[in-house]
Amino acid sequence: MVRGKSIVLIGAGRMGGALAAGWLAGRSKPNLAIIAPRPTPQVQAWAEEGLVSLNPEPAPADIVVLGVKPQQFARAAEGMKPFIGEKTLVVSVMGGIKLGQLEDRLGTPHVSRAMPNTPGSVGKGVTLLAAAPSLGQDDIEAARKLLTPLGLVEGPMDEKTMVAATGISGCGPAYVFLLAEVMAEAGEAEGVPKEMAARLAVETIIGAAALMEESGQTPNELRKMVTSPGGITQAALDILMDDGGMPILLRKALRAAVTRDRELSREPD
């Protein structure tokens, strides 16, 4: 966490809430204000416990984090400006909103984009970072420190790379959740009790992820290590890796994510 800095989080939905949860879980509690006209029960609880200031009067902050939906940015930008002073660092976690759009709408060159994923709420996230060319090294480091409690920070990187990388890390948790879901459903279809199938799917993914993290081996090496030629795992992988299988599907999925990011970046009429 950035010590001694005032932070305003505008928007505390899934992404903003994950950020706030990560900050509040750290040892050093931030000087955090949250702007949320309809706060979630979690945000309301934080406010009642005195952990955050909820919907205070506008005043310039050291750091402003924008967590509203990208479709809402154009009409919400004017209301954000009173929180932004001459030296305020703006960190956007809005998918698809480019650095140039942030500068134009907010009237400041001190802007950066961050794309955290939801595992940041348990300190196991990946956050991508891109910064405006005019942003100084001190501000870049401040952004990195702000995001580090959520997990790994990659960047700063150019925006083109960020768009493609978001399809991996930003969308990736949903891919994994879907994998757990369909693994359990497939097991249930073969006669495994529903609760057991769900438990086996989740714990298997957790264990496989831990092995990837700790073994030092690549996913390709680990896959081959657990696949005996002609065995039952090979029989399953022959289906998953055929011409219409997982490799092709994920490439199509990533391309769809990149396309949607570009659509969201277009200025509304």
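If you're wondering where the values come from, they're calculated on a predicted model, not measured in any experiment.

Reading guide: rules and limits
- Residues numbered from 1 in each chain as written.
- Predicted model: local features only at pLDDT ≥ 70, side-chain atom pairs only at ≥ 80, totals over all residues.
- Heavy atoms only, no water.
- Pairing = 2+ DSSP bridges.
- Helix = DSSP H or I, 4+ residues; strand = E, 2+ residues; numbered from the N terminus.
- Right-handed = clockwise from strand over helix to strand, strands pointing away.
- Contact = heavy atoms within 4.5 Å.
- Axes fitted to C-alpha atoms, helices over the stretch in contact; angles between N-to-C directions.
- Expected span 1.5 Å × (residues − 1).
- Buried < 20%, exposed > 50% of the residue type's maximum accessible area, 1.4 Å probe, protein only.
- Arc of directions from axis to C-beta.
- Core = buried A, V, L, I, M, F, W, Y, C linked by side-chain atoms within 4.5 Å.
- Parallel < 35°, antiparallel > 145°, perpendicular 65-115°, else oblique.
- Left-handed = near helix turned anticlockwise from the far one by under 90°.
- Nonpolar A, V, L, I, M, F, W, Y, C, P; charged D, E, K, R; others polar.
- Polar contact = N/O pair within 3.5 Å; in protein donor to acceptor, adjacent residues only side chain to side chain.
- Salt bridge = Lys/Arg side-chain N within 4 Å of Asp/Glu carboxyl O.

Some thoughts on the pairing of strand 8 (residues 151–154)
Judged from the four bridges that link them, strand 7 (residues 125–131) and strand 8 form a sheet pairing that is parallel. Pairing of Val126 across the sheet is with Leu152, part of strand 8. Note on the crossover from strand 7 through helix 5 (residues 137–147) to strand 8: the handedness is right-handed.

Considering the sheet that holds strand 4 (residues 61–66)
Reading across the sheet, the eight strands line up as 3-2-1-4-5-6-7-8 and stay open at both edges, with mixed pairing between neighbours. Edge positions in the open sheet fall to strand 3 (53–54) and strand 8, since each of these has one partner strand only. For strand 5 (residues 84–92) and strand 6 (residues 111–116), the ladder comprises three bridges, and the chain directions are parallel. If you follow Ser92 over to strand 6, its bridge partner there is Arg113. Contacting strand 1 (6–10), strand 4, strand 5, strand 6, strand 7 and strand 8, helix 5 runs over the sheet at an angle of about 165° to strand 7.

Re helix 11 (residues 246–264)
Here helix 11 is 19 residues long and its end C-alpha atoms lie 27 Å apart, about the 27 Å a rise of 1.5 Å per residue gives. Of all the residues in helix 11, the buried ones are Ala257, Val258, Asp261 and Leu264. Seen from one end, helix 11 has its buried residues packed into an arc of 125°, which puts them on one side. Exposed positions of helix 11 whose direction lies more than 90 degrees from the buried face are Leu249, Arg251 and Lys252. For helix 11, the secondary structure elements touched by its buried residues are strand 6 and helix 6 (159–170).

Some points on the nonpolar core
Leu9, Trp23, Leu32, Ile34, Val65 and Val91 are the most contacted members of the largest nonpolar core, which has 29 residues in total. Broken down by secondary-structure element, the contributors of at least two residues to this core are strand 1, helix 1 (14–24), strand 2 (31–35), helix 2 (41–48), strand 4, strand 5, strand 7 and helix 5. At five residues, helix 5 tops the list of elements feeding residues into this core. Counting 21 residues, the second-largest nonpolar core is a separate cluster that includes Ile10, Leu66, Phe73 and Leu106.

Quick notes on the packing of helix 7 (residues 172–189) against helix 8 (residues 194–215)
In the contact formed by helix 7 and helix 8, the axes pass within 8 Å of each other and the chain directions differ by 140°. Classified by the angle between their axes, helix 7 and helix 8 sit oblique to one another. Both helix 7 and helix 8 take part in a crossing whose hand is right-handed. On helix 8, the residues that touch Val176, Leu179, Ala180, Met183, Ala184 and Glu188 of helix 7 are Lys194, Ala197, Ala198, Ala201 and Ile205. When the residues that make up the contact of helix 7 with helix 8 are grouped by side-chain class, the tally is nine nonpolar, no polar and two charged.

A closer look at the side chain of Thr88
Inspection of the secondary structure assignment puts Thr88 in strand 5. Relative accessible area serves as the criterion here: at 2%, Thr88 is assigned to the buried category. From its side chain, Thr88 meets the backbone oxygen of Ala61 in a polar contact 2.6 Å long. Polar contacts involving the side chain of Thr88 include one to the main-chain amide nitrogen of Gly85, which spans 2.7 Å. With sequence-adjacent residues up to four places away left out, Thr88 is seen in contact with Ala61, Asp62, Ile63, Val64, Phe83, Thr108 and His110.

A look at the environment of Gln42
Mapped onto the elements of the fold, Gln42 is located in helix 2. For the pair formed by Gln42 and Ser121, sequence separation is 79 residues and the distance between their alpha carbons is 13 Å.

Side note on the pattern of salt bridges
In this structure the tally under the stated criterion is four salt bridges. Lys81 is the salt-bridge partner of Glu78, the closest N and O atoms lying 3.0 Å from each other. Classification of Glu78 as exposed rests on a relative accessible area of 54%. Residue class for Lys81 comes out partly exposed when judged on its relative accessible area of 31%. Here Arg113 and Glu159 are joined by a salt bridge, their closest N and O atoms 2.9 Å apart.

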